[in-house]
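# Coordinate inspection notes
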Amino acid sequence: MSCQPLSQSTDAIPVSPPVMVLEEDHSAPAERVSGDSASASRTSRRGEWLLDVFAMNSFSWAIAIPIEVVLAGMSWREHLKVRLLAVLFNTVIARPFSLYRNWVVGRCGQGGVLHNYAVDTFVFLSFQLPLYASNMVLGGASSMEILTASGTFVLLAGAMGRPYGFYLDSLRRLWDKRSECGRSLPGECDTRGS
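Throughout what follows, the structure given in this document is the object of discussion. If you're wondering where the values come from, they're calculated on a predicted model, not measured in any experiment. Within every chain, residues take consecutive numbers counted from 1 along the sequence as written. Note on the predicted model: pLDDT of at least 70 is required for a residue's local features to be given, and 80 or more for side-chain atom pairs to be given and counted; whole-chain, interface and lining totals, by contrast, use all residues. To obtain the side-chain values, all non-hydrogen atoms of the structure were used and water was disregarded.

## Here we look at the packing of aromatic side chains
So the rule is basically this: A pair of Phe, Tyr and Trp rings is counted when the ring centres sit within 6.5 Å of each other, with Trp represented by its six-membered ring. The angle between the planes then sorts it: under 30 degrees is stacked, over 60 is edge-to-face, the rest tilted.
In this structure the tally under the stated criterion is 10 aromatic pairs. Among the aromatic residues, ring-to-ring pairing joins Phe59, Phe97, Tyr100, Phe124, Phe127, Tyr132, Phe153, Tyr164 and Tyr167 into one connected group.

What follows is the structure, given as structure tokens:
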């Protein structure tokens, strides 16, 4: 039997750390990741809501000026009253409209230019016309002004549905690119070249 110092003889014995330490080491980051994920999800939903509200209000106001003031003959005061009510309505309905559009597009699928045009026109007209007419009533427009503006809205829905869908999709792509850049390391995302 050879004599070895105790320290040399115990070096060969495998020693594993306690299981509890390993579980603690693995669970803490998982909790942090899920917490970060929930926070990112809330931030993402809030960002999508803000994006939808901005898209709906900015597009609506730009389209409403020629329809209400020029074609329907509303005064600037009536127009402003209707538009301020529309900001409230649009803020409430912007996200439901986007979800409705996503649902219809999901059911109908993406297709060619004419298919996408027809789907966006249907979505825009079926969702917006009843709300637009109601907004005009609440804004104090006369029956003739409401009929003229609503009739014009129906005729122009074909010219507004797809542009709004394209505008919304473009804003979403910009938002997604911005969000990806925000998550990347400094210097990794260069938006100048895009």
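Next comes the rest of the write-up.
## Some remarks on the nonpolar core
Counted only if it meets this: Within this scheme, the nonpolar core is defined by two criteria: the residues are buried Ala, Val, Leu, Ile, Met, Phe, Trp, Tyr or Cys, and they are joined through side-chain atoms within 4.5 Å. Only protein chains enter the calculation, and the probe is 1.4 Å; a residue is then buried if its accessible area is under 20% of its type maximum, exposed if over 50%, and partly exposed in between. Comment: elements are numbered from the N terminus, with helices defined as DSSP H or I runs of at least four residues and strands as E runs of at least two. A contact between two residues is defined here by any heavy atoms of the two lying within 4.5 Å.
Ranked by size, the top nonpolar core spans 28 residues in total, and within it Phe97, Phe124, Met136 and Tyr164 carry the most contacts. At the level of secondary structure, the elements contributing two or more residues to this core comprise helix 2 (19–71), helix 3 (76–108), helix 4 (113–138) and helix 5 (143–183). Discounting residues that sit within four places of it in the chain, Phe97 has contacts with Met56, Val123, Phe124, Phe127, Gln128 and Tyr164.

## Topic: helix 3
Put simply, the test is: In a helix, the anticipated span is given by 1.5 Å times the number of residues less one. Bending is quantified residue by residue as the angle between axes fitted to the seven-residue window ending at that residue and the seven-residue window starting at it.
The first and last C-alpha atoms of helix 3 sit only 40 Å apart over 33 residues, clearly below the 48 Å expected at 1.5 Å per residue. Along its length, helix 3 shows its largest kink, about 45°, at Ile93, and proline Pro96 lies within four residues downstream of that point. Gly109 sits one or two positions beyond helix 3 and adopts a positive phi of about 80°.

## Let's talk about the pattern of salt bridges
Put simply, the rule reads: Any Lys or Arg side-chain nitrogen located within 4 Å of an Asp or Glu carboxyl oxygen qualifies as a salt bridge.
A full pass over the atoms with the stated rule returns eight salt bridges. The salt bridge involving Asp120 is made with Arg162; its shortest N-O contact spans 2.5 Å. Separated by 42 residues along the polypeptide, Asp120 in helix 4 and Arg162 in helix 5 bring together distant segments of the chain. According to the relative accessible area criterion, Asp120 is buried, its value standing at 3%. Of the charged contacts in the structure, one is a salt bridge between Asp169 and Arg172, with a shortest N-O distance of 3.9 Å. Here Arg172 and Asp169 lie together in helix 5, a separation of three residues that amounts to about one turn. Of the residues examined, Asp169 reaches a relative accessible area of 19% and is grouped as buried.

## With respect to a nonpolar patch on the surface
Stated formally: Candidates for patches are residues over 30% relative accessible area with no salt bridge; among them, like charges are joined within 9 Å and nonpolar side chains (Val, Leu, Ile, Met, Phe, Trp, Tyr) within 5 Å. Note on areas: Shrake-Rupley, 1.4 Å probe, and residue coverage restricted to the protein chains presented here.
Taken together, Val70, Leu71, Leu155 and Leu156 make up a surface patch of nonpolar side chains, about 410 Å² in accessible area. Note on placement: Leu71 falls in helix 2.

## Comments concerning the side chain of Thr121
Structurally, the position occupied by Thr121 is in helix 4. The contact partners of Thr121, leaving out residues within four places of it in the chain, are Ala157, Gly158, Gly161 and Arg162.

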